[in-house]
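# Analysis of the macromolecular model
Letter by letter, the chains look like this.
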Amino acid sequence: MARPRFIPSDAVLARWREEGLTAQGIVDRIKEQDHVEVALGTVYAALSRAGLTEQIRYEGLIPWTVRPDHANAFPLVMLRLAGRRSEGRPIPADREEKLDRWIARLEEQDAVVAYVKDSADGFHYVPRRHGIDTGLIRIPD
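Worth saying up front: this structure is predicted, and the values here are computed from it rather than measured.

Here the focus is the packing of helix α2 (residues 23-34) against helix α3 (residues 40-49). α3 packs onto α2 with a crossing angle of 115° between their chain directions and a minimal axis gap of 9 Å. Classified by the angle between their axes, α2 and α3 sit roughly perpendicular to one another. Crossing of α2 over α3 shows right-handed handedness. Facing α2, whose interface residues are A23, Q24, I26, V27 and I30, α3 presents L40, V43, Y44 and L47.

In structure tokens:
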């Protein structure tokens, strides 16, 4: 017997997004209405399948096309957080502190993030080229 569906239809998800609900808001509404705990990741996946997610690209901080196996690398996560901060988007306090420490470490080491698509790790810390690499990343050639 198939498991019952706890995620609303795409039409309902679309309506809730139009109402301004975030993914967490949808989780909360499902819990309130249906008395069912649904994982945030499940809601994100449903929103993505329904084409209801916002693709945010921080091209100034992430100018590379990143391989899927590098998508969760720590430097990339930090660059995304830096992008959120620069756009005034909310960041959880614990991540805010982690981002501050990471940026401070880059400054102390006079380093920036570089991406080498064909390398195993993908992301590397390299010396800053003064006058060229003015932010957090190695400016691509």
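Moving on to unusual backbone geometry. With a phi close to 60°, H35 is a non-glycine residue in the positive phi region. Inspection of the secondary structure puts H35 in the loop between α2 and α3. Since its relative accessible area comes to 70%, H35 is described here as exposed. Here the phi dihedral of D110 falls at roughly 50°; this positive angle occurs in a residue that is not glycine. Within the fold, D110 resides in the loop between α5 (93-109) and β1 (111-115).

We now examine the nonpolar core. In this structure, W64, L79, L99, W102 and L136 are the most contacted members of the largest nonpolar core, which totals 21 residues. Looking at this core, the elements with two or more residues in it are α4 (74-86), α5 and β1. In terms of residue count, the dominant contributor to this core is α4 (five residues). When residues no more than four places from it in sequence are discounted, the contact partners of W102 are F74, P75, M78, L79, V113, Y125 and L136. Counting 14 residues, the second largest nonpolar core, distinct from the first, contains A23, V27, V38 and L47.

Another point: the packing of helix α1 (residues 10-18) against α2. Following both chains from N to C, one finds α1 and α2 inclined at 120°, their axes separated by 10 Å at the closest point. The orientation of α1 with respect to α2, classified from their angle, is oblique. Between α1 and α2 lies a crossing of right-handed hand. Taken together, the residues of α2 that come into contact with α1 (itself represented by L13, W16 and R17) are A23, I26, R29, I30 and Q33. Among the residues forming the contact of α1 with α2, the class breakdown is five nonpolar, one polar and two charged.

Time to look at the pattern of salt bridges. This model, assessed by the stated rule, comprises nine salt bridges. A salt bridge links K31 to E37; its shortest N-O distance comes to 2.9 Å. A salt bridge links E96 to R85, with the nearest nitrogen and oxygen atoms 2.5 Å apart. Of this pair, E96 sits in helix α5 while R85 sits in helix α4; the two residues are 11 residues apart in sequence, bridging distant segments of the chain.

Inspection of α1 places V12, L13 and W16 among the buried residues, and these make up the whole buried set. End-on, the buried residues of α1 take up no more than an arc of 100°, which puts them together on one face. Away from its buried face, by an angle of more than 90 degrees, α1 presents the exposed residues A11 and E18. Following α1 by one or two positions, G20 adopts a phi angle in the positive range, close to 100°.

In the structure shown here, the tally under the stated rule is three aromatic pairs. With centroids separated by 5.8 Å and ring planes inclined at 75°, the aromatic side chains of W64 and F123 adopt a geometry described as edge-to-face. One end of the pair, W64, is in the loop between α3 and α4; the other, F123, is in strand β2 (residues 123-127), with 59 residues separating them in the sequence.

Basis of the calculations
Residues numbered from 1 in each chain as written. Predicted model: local features only at pLDDT ≥ 70, side-chain atom pairs only at ≥ 80, totals over all residues. Heavy atoms only, no water. Axes fitted to C-alpha atoms, helices over the stretch in contact; angles between N-to-C directions. Helix = DSSP H or I, 4+ residues; strand = E, 2+ residues; numbered from the N terminus. Parallel < 35°, antiparallel > 145°, perpendicular 65-115°, else oblique. Left-handed = near helix turned anticlockwise from the far one by under 90°. Contact = heavy atoms within 4.5 Å. Buried < 20%, exposed > 50% of the residue type's maximum accessible area, 1.4 Å probe, protein only. Core = buried A, V, L, I, M, F, W, Y, C linked by side-chain atoms within 4.5 Å. Nonpolar A, V, L, I, M, F, W, Y, C, P; charged D, E, K, R; others polar. Salt bridge = Lys/Arg side-chain N within 4 Å of Asp/Glu carboxyl O. Arc of directions from axis to C-beta. Phe/Tyr/Trp six-rings, centres within 6.5 Å; stacked < 30°, edge-to-face > 60°.

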